[in-house]
Amino acid sequence: MPNYDYICIDCSYEFEEFQKMTDPVLQECPRCKGPLRRKIGTGAGLLFKGNGFYITDYKKPAGAKDNSAKTTKTEETQSKEKPKKTDKS
């Protein structure tokens, strides 16, 4: 369920409401009972709340290997190689 942002036309009070997409648009300000307007462009964003969502969403499978160490060793080996000597005749 998305969050929708509302603003009161009379008192400029802004608030966020957690609603189903099928729920009717709110019409009355909770503070002054004035008319409300739902802000455009809100309610479609992702909310990352809670502990550990990075771990569970981006965790590697049990059998996956990390290739970054292998690439680093190859690069180090190539950089340590001595340049070939050329004959000056």
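Thresholds, definitions, all that
- Residues numbered from 1 in each chain as written.
- Predicted model: local features only at pLDDT ≥ 70, side-chain atom pairs only at ≥ 80, totals over all residues.
- Heavy atoms only, no water.
- Helix = DSSP H or I, 4+ residues; strand = E, 2+ residues; numbered from the N terminus.
- Contact = heavy atoms within 4.5 Å.
- Areas by Shrake-Rupley, 256 points an atom, 1.4 Å probe, with all protein chains shown as cover.
- Phe/Tyr/Trp six-rings, centres within 6.5 Å; stacked < 30°, edge-to-face > 60°.
- Buried < 20%, exposed > 50% of the residue type's maximum accessible area, 1.4 Å probe, protein only.
- Lys NZ or Arg CZ within 6 Å of the ring centre and 35° of its normal.

1. Here's the deal with the overall build of the protein
Right, so step 1: When its secondary structure is counted, the protein shows 2 helices and 3 strands.
Right, so step 2: Ordered by position in the sequence, the α and β elements of the protein form the string β-β-β-α-α.
Right, so step 3: Pairs at least 24 residues apart make up 37% of the contacts formed inside the protein by residues separated by at least 6 positions.
Right, so step 4: For the protein, the accessible surface area stands at approximately 8400 Å², while carbon and sulfur atoms represent 52% of it.

2. A word on the packing of aromatic side chains
Right, so step 1: Under the criterion given, the structure shown has 2 aromatic pairs.
Right, so step 2: Their ring planes at 15 degrees and their centres at 5.6 Å tell us that Y6 and F15 sit as a pair that is stacked.
Right, so step 3: Y6 sits in the buried class, given a relative accessible area of 0%.
Right, so step 4: Taking relative accessible area as the criterion, F15 reaches 12% and is therefore assigned buried.
Right, so step 5: Centre to centre, the rings of Y13 and F15 are 5.4 Å apart; their planes meet at 20 degrees, and the pair counts as stacked.
Right, so step 6: In this structure Y13 comes out as partly exposed when scored by relative accessible area, which is 22%.
Right, so step 7: Members of the aromatic cluster, connected to one another through ring pairs, are Y6, Y13 and F15.
Right, so step 8: Across the ring face of Y4, the terminal group of R38 is positioned such that the distance to the ring centre comes to 4.3 Å.

3. A word on the environment of E17
Right, so step 1: Within the fold, E17 resides in strand 2 (residues 14–18).
Right, so step 2: For E17, a relative accessible area of 30% corresponds to the partly exposed category.
Right, so step 3: Excluding residues that lie within four positions of it along the chain, E17 makes contacts with P2, N3, Y4, Y6 and L26.

Scope: geometric values only; no functional claims are made or implied.
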